[in-house]
Amino acid sequence: KAGVTQTPRYLIKTRGQQVTLSCSPISGHRSVSWYQQTPGQGLQFLFEYFSETQRNKGNFPGRFSGRQFSNSRSEMNVSTLELGDSALYLCASSAGPLLAGGEQFFGPGTRLTVL
Amino acid sequence: EDKVVQSPLSLVVHEGDTVTLNCSYEVTNFRSLLWYKQEKKAPTFLFMLTSSGIEKKSGRLSSILDKKELFSILNITATQTGDSAIYLCAVEVFGAGGTSYGKLTFGQGTILTVHP
């Protein structure tokens, strides 16, 4: 079974631009969660989607948004980029609730650098 | 606000040593605690703990949870250079309606370096 894939793997943008990151979950997985990882803050939860609905959201400004498509693929968008948005963005997919064996599998991440 | 704290933040040992990594948490509606290993990019799953006092083991790694004192430890015996990584502890909480909604709160991680 193919793992979680994320594209692009690396991205360089300038302040004020916007960016869209993509995540394809493991086949059959319907839940996709997004995380931001920085050296200072560690891994922080952005949001989670299940069956095209956002069910949970972390404490990030409205510039961070996402969506999920009917095939469970998910995109994350960041508008009006700031220097502090430079980070590794990870997505994770799971088949269901963690306690039911729905372990979260992480993708390789997208490294975003904002200049 | 849910909080997960790991200690130490970094650790340097030699092959063959035994290490203990700590994770304490303060969350509402605890559901499970998870340990991940992160080497290059993607964290890989190690253990999920939901019940106090039951040790989970996988080879040289083991972990246990204390829900009364709100902490967990991850032990690695006979360390090898391949154990060098960031070890992440995360807590899952129940959301509205009793489901977890895919949110994990992570600690800062412990950077483990194992020298030959």
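Above this text is the structure in question.
Rules used throughout
Residues numbered from 1 in each chain as written. Chains lettered and ligands numbered in written order. Predicted model: local features only at pLDDT ≥ 70, side-chain atom pairs only at ≥ 80, totals over all residues. Heavy atoms only, no water. Helix = DSSP H or I, 4+ residues; strand = E, 2+ residues; numbered from the N terminus. Rg over C-alpha atoms; globule rule 2.2 N^0.38 Å. Buried < 20%, exposed > 50% of the residue type's maximum accessible area, 1.4 Å probe, protein only. Contact = heavy atoms within 4.5 Å. Lys, Arg positive; Asp, Glu negative; His and termini not counted. Charge placed at Lys NZ, Arg CZ, Asp CG, Glu CD. Phe/Tyr/Trp six-rings, centres within 6.5 Å; stacked < 30°, edge-to-face > 60°.

Caption draft 1: Focus on the overall build of chain A. Scanning chain A from N- to C-terminus turns up 0 helices and 11 strands. For chain A, the N- to C-terminal ordering of α and β elements is β-β-β-β-β-β-β-β-β-β-β. Computed over its C-alpha atoms, the radius of gyration of chain A comes to 13 Å, within 12% of the 13 Å expected for a compact globule of 115 residues. The principal-axis extents of the C-alpha atoms in chain A amount to approximately 40 × 25 × 25 Å. Taken across its 115 residues, chain A has 50% of its residues classed as buried. Taking all contacts inside chain A whose residues are at least 6 apart in sequence as the whole, residues at least 24 apart take part in 53%. Computing the positive centroid from 11 side-chain charges and the negative centroid from 6, chain A places the two 4 Å apart.

Caption draft 2: Molecular detail of the environment of Gly84 of chain A. By the secondary structure assignment, Gly84 of chain A is in the loop between strand S8 (74-78) and strand S9 (87-94). Note: C-alpha distance between Gly84 of chain A and Val114 of chain A (30 residues apart in sequence) is 7.7 Å.

Caption draft 3: The packing of aromatic side chains, seen in detail. Overall, the coordinates contain 10 aromatic pairs over all chains when judged by the stated rule. Aromatic side chains Tyr35 of chain A and Phe45 of chain A sit 5.7 Å apart centroid to centroid with 70° between the ring planes, which places their arrangement in the edge-to-face category. Taken together, the positions of Tyr35 of chain A in strand S4 (residues 31-38) and Phe45 of chain A in strand S5 (residues 42-50) put the pair 10 residues apart, joining distant regions of the chain. Classification of Phe45 of chain A by relative accessible area gives buried; the value is 6%. Here the aromatic cluster, defined as three or more aromatic residues joined through ring pairs, consists of Tyr35, Phe45 and Phe106 of chain A together with Tyr36, Phe45 and Phe106 of chain B.

Note that all results are geometric; they support no functional claim without further evidence.
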